[in-house]
Amino acid sequence: MTLARVDRPRRAAATAAVSGTLPLRRRHRLRSRLTALAFVAPLIAYLAAFYLYPLYRNLDLSLRDYTVRSFVSGDAPFTGWDNFRTVLDDPTFGPALRHTLVFTFVSIAFQYVAGLVLAVFFNRHFRLAPTLRALFLIPWLLPLIVSASTWSWMFNSESGVVNYALRMVGVDPVGWLTSPDWALTSVIVANIWIGIPFNLVILHSGLQNVPAELYEAASLDGAGSWQQFRRITFPLLRPVSAITLLLGLVYTLKVFDLIWIMTKGGPGDSSSTLATWSYQLGFGTLLPKFGPGAAVGNILILIALVFGLLYIRVQRRQEA
């Protein structure tokens with residue numbers, strides 16, 4: 001009995017101590033969560049203001065019959081999927097989609113291959129490597145309007161340097177920007193030139209993480225340069241290559257200013273893409289079609305989203 005009476009105050013004190021620490025822990029957790037939320041709040045506000053709200057407005061535009069008057073007053077009638085049906089039934093949709101896919105995949109393929117070759121070349125440390133690598137970044141650093149204007153001058157049918165070089169070797173001049181057969185090729189060439197530095201920078205940074213010991217071991221085993229690239233470099237660059245191709249895909253799908261400056265989607269619709277067509281519908285005429293233009297933009301977003309989800313799925317399979 002005496003021992004039980006002595007232990008009771010101790011048990012009571014321990015219980016009080018535990019019950020006192022629980023609210024302290026809860027307050028500490030709540031304080032930590034509020035602190036984390038305070039740091040994240042500016043990012044959430046930025047995403048909501050500059051991403052979520054524009055996406056919502058674009059979706060609202062594509063589901064209503066907006067005119068100039070209703071665009072100002074905000075009382076456009078709801079039409080559902082009519083704008084999407086109008087776009088899909090338009091004869092311009094097929095060529096614009098085809099041009100978008102050709103422009104995107106041809107540009108990405110050549111940009112990636114050229115960037116990979118240059119990255120492997122500059123990975124060999126020699127005296128002029130930093131200087132030459134910096135020079136290759138110039139197309140990426142120039143304002144896009146400057147690059148597009150320069151290529152427009154180079155491809156000019158009368159006074160362009162490309163046709164001048166063709167005349168020097170006895171080849172007839174080509175209407176690079178005025179011929180339906182060459183307009184899309186011209187803007188693809190310009191876009192490839194602009195995108196190579198991006199691939200070079202990302203892939204070169206990936207090569208820096210490849211251990212040099214692997215190449216030394218391969219050399220001792222008698223592996224040549226091509227075998228080292230095929231067995232070591234390319235497999236270890238797959239994660240970096242995947243993100244490079246995905247970013248290039250998302251960027252190239254929405255290229256507008258380069259094409260608009262060089263050809264305006266012409267002649268006719270020979271170089272028109274979904275991005276330029278969306279702009280033409282919404283802002284390129286005296287009677288703008290805001291709803292169909294927004295619908296084309298949403299289709300472009302959906303295509304980019306599909307490819308993004310495919311990338312995530314492939315990435316998860318590789319990690320598993």
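Owing to the predicted nature of the structure, the values given are computational and were not obtained by experimental measurement.

Draft legend 1. The arrangement of the overall build of the protein in detail. In terms of regular secondary structure, the protein is built from 15 helices and 0 strands. For the protein, whose C-alpha radius of gyration is 29 Å, the value lies well above the compact-globule estimate of 20 Å for 320 residues. Considering only C-alpha atoms, the protein reaches an extent of 115 × 75 × 30 Å along its principal axes. Taking all 320 residues of the protein together, 36% fall into the buried category.

Draft legend 2. Here's a closer look at unusual backbone geometry. A cis amide bond links Gly266 to the next residue, Pro267, at an omega of 0°. By the secondary structure assignment, Pro267 is in the loop between helix H13 (257-262) and helix H14 (274-283). Notably, Lys264 is not glycine yet its phi reads approximately 55°, a positive angle. Along the chain, Lys264 falls in the loop between H13 and H14.

Draft legend 3. Main features of the packing of aromatic side chains. Inspection of every chain in the model, using the stated rule, returns 20 aromatic pairs. Considering the side-chain rings of Tyr46 and Tyr51, the 5.9 Å spacing of their centres and the 65° angle between planes classify their relative orientation as edge-to-face. For Tyr46, a relative accessible area of 42% gives the class partly exposed. Arranged with centres 5.2 Å apart and planes meeting at 65°, the rings of Phe121 and Phe122 form a pair that is edge-to-face.

Draft legend 4. Spatial organisation of the packing of helix H4 (residues 93-122) against helix H12 (residues 238-253). Running from N to C, H4 and H12 point in directions that differ by 145°, and their axes come no closer than 10 Å. In the packing of H4 onto H12, the handedness of the crossing is right-handed. Counted together, Thr100, Phe103, Thr104, Phe105, Ser107, Ile108 and Tyr112 of H4 and Ser241, Leu245, Gly248, Leu249, Thr252 and Leu253 of H12 form the full contact between these two elements. Looking at the contact of H4 with H12 residue by residue, the classes come out as 7 nonpolar, 6 polar and no charged.

Draft legend 5. Main features of a positive patch on the surface. A cluster of like positive charges, contributed by Arg25, Arg26, Arg29 and Arg33, occupies part of the molecular surface. Along the chain, Arg29 turns up in helix H1 (residues 2-62).

Draft legend 6. Local environment of the environment of Gly266. In this structure, Gly266 sits in the loop between H13 and H14. Residue class for Gly266 comes out buried when judged on its relative accessible area of 7%. Sequence-wise, Gly266 and Leu300 are 34 residues apart; in three dimensions their C-alpha atoms are separated by 20 Å. Beyond its immediate chain neighbours, meaning those up to four positions away, Gly266 contacts Ala183 and Ser271.

Draft legend 7. Layout of the pattern of salt bridges. Using the criterion set out here, one finds 4 salt bridges in the structure. Measuring nitrogen to oxygen at the nearest pair gives 3.6 Å for the salt bridge that ties Asp75 to Arg69. The class for Asp75 is partly exposed, based on a relative accessible area of 44%. Here Arg69 falls in the exposed class, since its relative accessible area comes to 56%. Across the salt bridge formed by Asp82 and Arg85, the nearest N and O atoms sit 2.7 Å from each other. With a gap of 3 residues between them, Asp82 and Arg85 both fall in helix H3 (residues 82-89), about one helical turn apart. On the basis of relative accessible area, Asp82 is assigned to the partly exposed category, the value being 38%.

Draft legend 8. Expanded view of the environment of Leu253. Secondary-structure assignment places Leu253 in helix H12. Between the C-alpha atoms of Leu253 and Phe105, which are 148 residues apart in sequence, the distance is 9.2 Å. Once residues lying within four places of it in the same chain are set aside, the contact partners of Leu253 are Thr100, Thr104, Ala275, Leu300, Ile303 and Ala304.

Draft legend 9. Looking closely at the nonpolar core. Core analysis: the biggest nonpolar cluster contains 31 residues, and Phe103, Leu116, Phe155, Trp176, Val187, Leu258 and Met262 have the highest contact counts within it. Listing elements by their share of this core, those giving two or more residues are H4, helix H7 (144-154), helix H9 (183-207) and H13. For this core, the element with the highest residue contribution is H9, accounting for 10 residues. Not counting chain neighbours up to four residues away, the residues in contact with Val187 comprise Phe103, Leu258, Ile259, Met262 and Thr263. In terms of nonpolar packing, the next biggest core, distinct from the first, is built from 18 residues, Ala96, Leu253, Leu300 and Ala304 among them.

Draft legend 10. Spotlight on the side chain of Ser107. Within the secondary structure, Ser107 sits in helix H4. Relative accessible area serves as the criterion here: at 0%, Ser107 is assigned to the buried category. Side-chain polar atoms of Ser107 contact the side chain of Asn191, separated by 3.2 Å. With residues near it in sequence (within four places) discarded, Ser107 still touches Val102, Ile188, Asn191, Ile192 and Thr252.

What counts as what
Residues numbered from 1 in each chain as written. Predicted model: local features only at pLDDT ≥ 70, side-chain atom pairs only at ≥ 80, totals over all residues. Heavy atoms only, no water. Helix = DSSP H or I, 4+ residues; strand = E, 2+ residues; numbered from the N terminus. Rg over C-alpha atoms; globule rule 2.2 N^0.38 Å. Buried < 20%, exposed > 50% of the residue type's maximum accessible area, 1.4 Å probe, protein only. Phe/Tyr/Trp six-rings, centres within 6.5 Å; stacked < 30°, edge-to-face > 60°. Axes fitted to C-alpha atoms, helices over the stretch in contact; angles between N-to-C directions. Left-handed = near helix turned anticlockwise from the far one by under 90°. Contact = heavy atoms within 4.5 Å. Nonpolar A, V, L, I, M, F, W, Y, C, P; charged D, E, K, R; others polar. Patch = residues over 30% accessible without salt bridge, like charges linked within 9 Å, V, L, I, M, F, W, Y side chains within 5 Å. Areas by Shrake-Rupley, 256 points an atom, 1.4 Å probe, with all protein chains shown as cover. Salt bridge = Lys/Arg side-chain N within 4 Å of Asp/Glu carboxyl O. Lys, Arg positive; Asp, Glu negative; His and termini not counted. Charge placed at Lys NZ, Arg CZ, Asp CG, Glu CD. Core = buried A, V, L, I, M, F, W, Y, C linked by side-chain atoms within 4.5 Å. Polar contact = N/O pair within 3.5 Å; in protein donor to acceptor, adjacent residues only side chain to side chain.

Fair warning: the whole summary comes from geometry, so function is off the table for now.
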